[in-house]
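Here is what each chain is made of, one letter per residue.
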Amino acid sequence: MKPFGRPRGPFAFAIALTLAMACGRAKAPGGTTHATPDVLLVTIDTLRADRLGCYGYAAAHTPNLDALARRGARFAVAVAHAPLTAPSHASILTGVTPLGHGVRDNGAYVLPSSARTLAEDFRQAGYRTAAFVSGFPLKRRFGFDRGFDSYDDHLPRGKDARRTAYVERTADRTTDAALAWLDASGAAGETRKPLFAWVHYFDPHAPYEAPAEAMAGAASPYDGEIAFVDAQLGRLLQRLESRPQAPLVVLVTADHGESLGEHGEDTHGIFLYDATVRVPLIVAGPEVREGAVPETVARGIDVTPTLLDYAGLPARTTMGRSLRRAAAGERLADEPAYSESLHPQLQYGWAPLFAWRTAKHKLIEAPRPELYDLDVDAAEQKDAASRDPQRLEAMRRELSRVMTAATTPSAETAVDAETKERLAALGYVGSAGGAPPVRTGKDPKDGIGLVTRLGRNGMTVARTEPEKAIRELTALLREDPGMLVALRTRAVAFAAAGRHADAVRDLRELEKKGALSAEDAVVLGDNLRLGGHGKEASAVLEKTIRANPTFAQPLLSLAAVHVEERDLAAASAAYTKVLALEPDNPEALRGLGDLAVVQGDAAQAGARYARIVELDPTDVAALTKLGVVKVRTGAPAEAIQLLQRAVELDPKNAEALLYLAGALAASGRASEAVPVFERRLAVGPRSTMVLNGLGLTRLQLGDRGGAAAAFRESLKLDPRQPEIASTLRELGQP
Ligand SMILES: [Zn+2]
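Reading guide: rules and limits
Residues numbered from 1 in each chain as written. Predicted model: local features only at pLDDT ≥ 70, side-chain atom pairs only at ≥ 80, totals over all residues. Heavy atoms only, no water. Salt bridge = Lys/Arg side-chain N within 4 Å of Asp/Glu carboxyl O. Helix = DSSP H or I, 4+ residues; strand = E, 2+ residues; numbered from the N terminus. Buried < 20%, exposed > 50% of the residue type's maximum accessible area, 1.4 Å probe, protein only. Phe/Tyr/Trp six-rings, centres within 6.5 Å; stacked < 30°, edge-to-face > 60°. Lys NZ or Arg CZ within 6 Å of the ring centre and 35° of its normal. pLDDT = per-residue confidence, 0-100. Contact = heavy atoms within 4.5 Å. Expected span 1.5 Å × (residues − 1). Axes fitted to C-alpha atoms, helices over the stretch in contact; angles between N-to-C directions. Parallel < 35°, antiparallel > 145°, perpendicular 65-115°, else oblique. Left-handed = near helix turned anticlockwise from the far one by under 90°. Nonpolar A, V, L, I, M, F, W, Y, C, P; charged D, E, K, R; others polar. Pairing = 2+ DSSP bridges. Donors = N, O, S within 2.8 Å, 3.2 Å for Na, K, Ca; no water. Tetrahedral: all angles 85-135°; square planar, octahedral: opposite > 155°, others 65-115°.

Caption draft 1: Structural detail: the pattern of salt bridges. Within this structure, the stated rule accounts for 62 salt bridges. The partner of Arg499 in a salt bridge is Glu467, and the shortest N-O contact between them spans 3.2 Å. Of the two residues, Arg499 sits in the loop between helix H17 (484-496) and helix H18 (500-512) while Glu467 sits in helix H16 (residues 466-479), which places them 32 residues apart along the sequence. Residue Arg499 is classed as partly exposed on the basis of its relative accessible area, which comes to 32%. In this structure, Arg505 and Asp502 form a salt bridge, with 2.9 Å as the shortest nitrogen-oxygen distance. Taken as a pair, Arg505 and Asp502 lie in helix H18 at a separation of three residues, close to a single helical turn. Of the residues examined, Arg505 reaches a relative accessible area of 46% and is grouped as partly exposed.

Take a look at the structure:
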């Protein structure tokens, strides 16, 4: 069966007409022909529509989005197909719902090649295509890079101790990256080709920590994050719109919203209420009616056909439709929207949720289904299921029909035969594919309190307060042993507490349940290595690499095993494979730099660290190591600059302080070196190297008493230093 039928009846005519119009050159309002437009798609993660000024929020600081809405069209209601980053973006980028593309959760799924992306369409039509993403779920290994000439998913290491490294890039840096790419392609003379760019901002995602300037005047930290994105989007738009080239079509939307406590949910991912599935959708450009507020319900799947339409590219079969005529002021008949969350099933072992939404009503399919009359109950507080059983059943039948008709491709990451067998034995295979909805399991409404506890006392503190997290997660697992997410989070907490054997036990338990994801396998490998089981670690990681050939993380962990085994050639080979998968992966560059240091190849080491710093000027570890290389290769001026930056970013960086002091002293800047040596003594352990450096520098400045004091301390640490002892005697201080 086809996943979605060809349009019939009056729709066929409308589409044929749109096609005929689209095949000609787009007409500007004045009737003059203009060039093929450049197209910018902006997705803002975790952005509720009702937190923007243009959507009626009085406390908003969103002048750029509001201005875009004034000169473009703002869809009053736009619906996301999942409250999760990867599935929702997959729908935006392909024009099909998760039933059509098979990406049902973050991680563990790769967008299948059967789901064509709009970037592929644009590229085929001769567009330059570039993407700049800011969050881990959109890394290229999940398949979102398909069709893009350039896919920038560089996420800085970050220094939030609560989170894993490399999860997020802030909006200022994403805008910087997009502007730098525009500069470079302009310089290369590529601007004759039209441009399709996708820019994704992640800031409104929890934790909410906007820079101070965006927080000023914000009603909440969440609003501050939105204000920050708005300002950075403003910078991008100003630049794109000031160019003399082609006209520009801009479409801004979000992958999902944020519950902010509504219905008992803190963030997003479980429920399908409007707090998380209603998003903004604003489009601006030639032919858009200025200030229009179309009532036509917009959906994530409509984005692809809409943008192809504006660009004059041939329409192709999707599950969505072009909203171009609606944005020009025409009222289109509403089409229902499908939404789902399999997250409760896949992560908690509960029932999944499915929603069917018309312009007026929403059905949420659950063990206890819900029905809302959105006209009178926009906040979805009064379940009308028992009052309106006929409508409830009619909508359930419609939802069921759509779900059964779909042929959902398998988008789960490739698994090796052994894992597949084990999964099949446990009944997991196909559970996330086109199979009919699971109606059993706990209703997520009854489990939301557990989700909140898991989030607040488990996930957010697993790395910083591991013992507290372990207590809470153990209690949660006692209440609901099927909560796989609690088990994997507890493994992370055990690892943070240094309890590697306990972490391994939880992860092996997940493996037994057939639920060990590739990420989990990496954590398992790391804990086996840290617990002293290098061989077992290698076995787990090699298997994960075979099953996930495009995933860099297990290769990085395997390299760490090789480094511990002192097999530097194997480590180097693993890092090199990472760079083949992810050019500029900072951990691979760092690893190769460290290996070059061990092998005495300063030039190679310097080149690797320099590349990391180029990609992320705030990477303190790379700044420090590059500074040290510069000290050792006799380039003190460069070293001083690098190390000063490292110390500014991390004032307690003992290594950077030591080498900075040394480089200053060696450059004849003894008076500047002394206070840096003293700071180094204050932040790190005393060592003869620091004390002798301080003594010699004080001596240069004629401070004989101060020098003698430092040498005496040094001799206390290690009396076997005849030269220091004799210098001390020469100073007349035995
Ligand atoms: Zn998201």
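Caption draft 2: The arrangement of the packing of aromatic side chains in detail. Across all of its chains, the model carries 12 aromatic pairs by this definition. Measuring from ring centre to ring centre gives 6.1 Å for Phe132 and Trp181, while their planes differ by 70°; the resulting arrangement is edge-to-face. Of the two residues, Phe132 is situated in strand S4 (residues 128-132) and Trp181 in helix H6 (residues 171-187); the sequence distance between them amounts to 49 residues. Each member of the pair, Phe132 as well as Trp181, is classed as buried. Every member of this aromatic cluster is reached through a ring pair, and the members are Phe122, Tyr127, Phe148, Tyr151, Phe196 and Trp198. The lysine or arginine in question, Arg74, covers the ring of Tyr55, its NZ or CZ lying 4.6 Å from the ring centre.

Caption draft 3: View of the confidence of the model for the chain. Looking at the chain, pLDDT values average 90 and 91% of them are 70 or higher. Overall, residues 1-34 carries pLDDT values under 50, and its contacts beyond four positions in sequence, including any with other chains, amount to 40 contacts. Throughout residues 414-436 the model reports pLDDT below 50, and contacts reaching past four residues in sequence, or to other chains, amount to 30 contacts.

Caption draft 4: Focus on helix H28 (residues 670-683). Helix length check: H28, at 14 residues, gives a terminal C-alpha distance of 20 Å against a target of 20 Å (1.5 Å per residue), a fit within 8%. Along H28, the positions that sit buried rather than exposed are Ala670, Ala673, Val674, Val676, Phe677, Arg680 and Leu681. Lining the buried residues of H28 we find helix H27 (654-666) and helix H29 (688-700).

Caption draft 5: Fine view of helix H22 (residues 568-581). Over its 14 residues, H22 extends 20 Å from the first C-alpha to the last, a length consistent with the 20 Å expected when each residue adds 1.5 Å. Within H22, burial applies to Leu568, Ala570, Ala571, Ala574, Tyr575, Val578 and Leu579. If you follow the buried residues of H22, they end up packed against helix H21 (553-564), helix H23 (586-598) and helix H24 (602-615).

Caption draft 6: Local environment of the packing of helix H15 (residues 444-458) against H16. As a packed pair, H15 and H16 sit with axes 9 Å apart at the nearest point and diverge in direction by 165°. Between H15 and H16, the interaxial angle falls into the category roughly antiparallel. Read as a crossing pair, H15 and H16 show a hand that is left-handed. Along the contact surface, H15 presents Leu450, Arg453, Leu454, Asn457 and Gly458, while H16 presents Lys468, Ala469, Glu472, Leu473, Ala475, Leu476 and Glu479. For the contact of H15 with H16, a count of residues per class yields six nonpolar, two polar and four charged.

Caption draft 7: Focus on the pairing of strand S6 (residues 195-201). A large share of S6 lies buried, amounting to seven of its seven residues. Burial along S6 is two-sided: Leu195, Ala197, Val199 and Tyr201 and Phe196, Trp198 and His200, pointing in opposite directions, are all buried. Across six bridges, strand S1 (residues 38-44) lies against S6 in parallel orientation. From the neighbouring strand, Leu41 faces S6, where its bridge partner is Trp198. When S4 meets S6, the two strands line up parallel, connected through five bridges. By the bridge assignment, Phe132 is partnered in S6 with Val199.

Caption draft 8: The arrangement of the packing of helix H20 (residues 534-547) against H21 in detail. Between H20 and H21, the shortest axis-to-axis distance is 9 Å and the interhelical angle comes to 155°. Between H20 and H21, the interaxial angle falls into the category roughly antiparallel. You can see that H20 and H21 cross each other, and the crossing is left-handed. Counting all contacts with H20, which are made through Gly534, Ala537, Ser538, Leu541, Glu542, Thr544 and Ile545, the residues of H21 involved are Pro554, Leu555, Ser557, Leu558 and Val561. Broken down by class, the residue content of the contact of H20 with H21 amounts to seven nonpolar, four polar and one charged.

Caption draft 9: View of the coordination of the zinc ion. Here the zinc ion is held by the protein donor atoms Asp45 (OD), Thr85 (OG1), Asp255 (OD) and His256 (NE2), which lie 2.0 to 2.1 Å from it. The coordination sphere of the zinc ion comprises four donor atoms, whose angles at the metal cover 99 to 118°; the geometry is tetrahedral. For the zinc ion, all donor residues lie on one chain, and their spacing in sequence is D-x39-T-x169-D-H. Of this pair, Asp45 sits in the loop between S1 and helix H2 (63-71) while Thr85 sits in helix H3 (residues 85-94), placing them 40 residues apart in sequence. Of the two residues, Asp45 and Thr85, neither departs from the other in class, the shared state being buried.

Caption draft 10: Geometry of the sheet that holds S1. The seven strands lie next to each other as S2-S9-S7-S1-S6-S4-S5, forming an open sheet whose pairing is mixed. Edge positions in the open sheet fall to strand S2 (73-74) and strand S5 (150-152), since each of these has one partner strand only. Most of the contacts of H6 go to S6, to which it runs at about 165°, and overall it touches S4, S5 and S6. Here helix H8 (residues 221-241) sits on the sheet and contacts S1, S6 and strand S7 (248-254); the angle it forms with S6, its principal contact strand, is near 170°.

Caption draft 11: Structural context of unusual backbone geometry. A cis geometry characterises the amide bond from Ala206 onward to Pro207, with omega recorded as -5°. A positive phi is found at Thr46, a non-glycine position, where the angle reads about 60°. With respect to the helices and strands, the residue Thr46 is situated in the loop between S1 and H2. For Thr46, a relative accessible area of 0% gives the class buried. One non-glycine residue, Arg566, adopts positive backbone phi at about 60°. Within the secondary structure, Arg566 sits in the loop between H21 and H22. A relative accessible area of 58% places Arg566 in the exposed class.

Caption draft 12: Spatial organisation of the sheet that holds strand S10 (residues 298-299). In space, the three strands of this open sheet follow the order S8-S3-S10, with mixed pairing throughout. Each edge of the sheet is formed by a strand with only one pairing partner; in this case those strands are strand S8 (278-279) and S10. By the bridge criterion, two bridges tie strand S3 (residues 78-79) to S10 in an arrangement that is parallel. Looking across to S10, one finds that Ala78 is bridged to Ala298.

Caption draft 13: Structural view of the pairing of strand S11 (residues 337-341). With respect to burial, S11 is a largely interior element, five of its five residues being buried. Of the two faces of S11, the one carrying Ala337, Ser339 and Ser341 and the one carrying Tyr338 and Glu340 are both buried.

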